[in-house]
Amino acid sequence: MSQLEIRGLGVAIGGNPILHGIDLTLERGTLSAIVGANGAGKTTLLRAISQLLAPSGGEIRFDGRVLAGTPPHLLARQGLVHVPQGRQIIAALTVEQNLLIGAGSLPGLSGADREARLQAEFERFPVLRERRALSAGSLSGGEQQMLAISRALMMKPSLLMLDEPSLGLAPQVVSRILATLRELAVGGMTVLLVEQVAFLALKYADAGHVMQNGRIVLSAPGAELLKDKALIEGYLG
Ligand SMILES: Nc1ncnc2c1ncn2[C@@H]1O[C@H](COP(=O)(O)OP(=O)(O)OP(=O)(O)O)[C@@H](O)[C@H]1O
Ligand SMILES: [Mg+2]
């Protein structure tokens with residue numbers, strides 16, 4: 001069974017159709033990238049998967065179960081976690097407090113488990129350990145993105161979705177983050193990444209999907225899409 005299966009998904013916002021007939025399958029333990037220009041519908045798709053937007057048609061199955069309006073905090077407990085565009089960390093709280101909020105929504109997580117997860121995140125991104133007592137708002141953009149990812153990972157998702165984690169970051173930081181996502185997929189997590197910076201995302205992705213005007217217009221292995229630069233540039237505008 002695939003981790004996520006979307007069939008014929010349509011989404012309308014305020015009566016305007018935004019997504020049309022989206023079919024998308026995510027296999028477990030793969031990194032998939034959705035690329036597309038400004039306004040293509042990438043964020044809308046992630047928000048629909050996260051049940052923040054109701055579909056006007058079609059179906060989304062997560063772990064074989066049809067999702068129909070499951071509230072986000074319950075989805076997170078079931079293993080579907082979304083790192084939104086703009087990160088949404090809590091600037092006034094410390095790095096450590098932000099991380100503990102990530103695990104805070106999980107009932108039945110023991111103090112020892114929470115601590116183990118915290119240490120695992122400090123090992124993944126040592127800079128977060130160094131800055132653990134500082135306010136999250138004092139971190140650089142790259143560090144804030146690492147924090148947002150670690151906060152999501154505190155919930156041990158089976159499907160991790162990220163909306164433009166590279167936004168505003170230096171290329172080396174972007175590569176570091178993409179390499180981390182790659183490692184997570186190799187470790188068995190399913191990762192869905194939305195990116196405007198197609199070149200880097202496709203370099204790390206198993207599967208690439210190009211979106212244009214609310215549709216997926218092209219799907220292929222990331223490496224294959226990369227070979228066809230003219231095609232990508234044409235779609236990305
Ligand atoms: N809340 C909203 N109300 C009205 N229209 C919206 C709303 N959110 C998105 N749209 C429209 O839906 C379309 C897709 O937007 P979306 O944000 O999903 O694109 P995107 O691919 O994420 O773009 P970007 O790369 O700029 O983040 C756009 O035409 C946008 O204007
Ligand atoms: Mg977007």
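Residues numbered from 1 in each chain as written. Chains lettered and ligands numbered in written order. Predicted model: local features only at pLDDT ≥ 70, side-chain atom pairs only at ≥ 80, totals over all residues.

A few points about the domain arrangement of the chain
Part 1 of the reasoning: Domain assignment breaks the chain into domain 1 (1-79 + 165-237) and domain 2 (88-156).
Part 2 of the reasoning: Placing a centre on the C-alpha atoms of domain 1 and another on those of domain 2 gives a separation of 24 Å.
Part 3 of the reasoning: Taken together, the contact between domain 1 and domain 2 spans ten residues of the former and eight residues of the latter.
Part 4 of the reasoning: Here the side of domain 1 that touches domain 2 is composed, by residue class, of six nonpolar, three polar and one charged. (Domains from an automatic or database assignment. Contact = placed C-beta atoms within 7 Å. Nonpolar A, V, L, I, M, F, W, Y, C, P; charged D, E, K, R; others polar.)

Concerning the site of ligand 1
Part 1 of the reasoning: All residues in the neighbourhood of ligand 1 are listed as I13, G14, I18, G36, N38, G39, A40, G41, K42, T43, T44 and Q196.
Part 2 of the reasoning: Looking at which element gives the most residues to the shell around ligand 1, the answer is helix α1 (residues 42-49), with three residues.
Part 3 of the reasoning: Split by residue class, the shell around ligand 1 holds three nonpolar, eight polar and one charged. (Near = placed C-beta within 6 Å. Helix = DSSP H or I, 4+ residues; strand = E, 2+ residues; numbered from the N terminus.)

Examining unusual backbone geometry
Part 1 of the reasoning: The backbone of Q51 shows a phi angle near 70°, a positive value even though the residue is not glycine.
Part 2 of the reasoning: On the secondary structure map, Q51 appears in the loop between α1 and β4 (57-62).
Part 3 of the reasoning: One non-glycine residue, E164, lies in the positive phi region at around 50°.

Overview of the sheet that holds strand β5 (residues 65-66)
Part 1 of the reasoning: If you walk across this open sheet you meet the four strands as β2-β1-β4-β5, and the pairing is antiparallel. A strand with exactly one partner marks an edge of an open sheet, and here the two such strands are β2 (16-26) and β5.
Part 2 of the reasoning: In terms of strand pairing, β4 meets β5 through two bridges, oriented antiparallel. When the sheet's bridge partners are listed, R61 is paired in β5 with V66.
Part 3 of the reasoning: Contacting β1 (4-13), β2 and β4, α1 runs over the sheet at an angle of about 70° to β2. (Pairing = 2+ DSSP bridges. Axes fitted to C-alpha atoms, helices over the stretch in contact; angles between N-to-C directions.)

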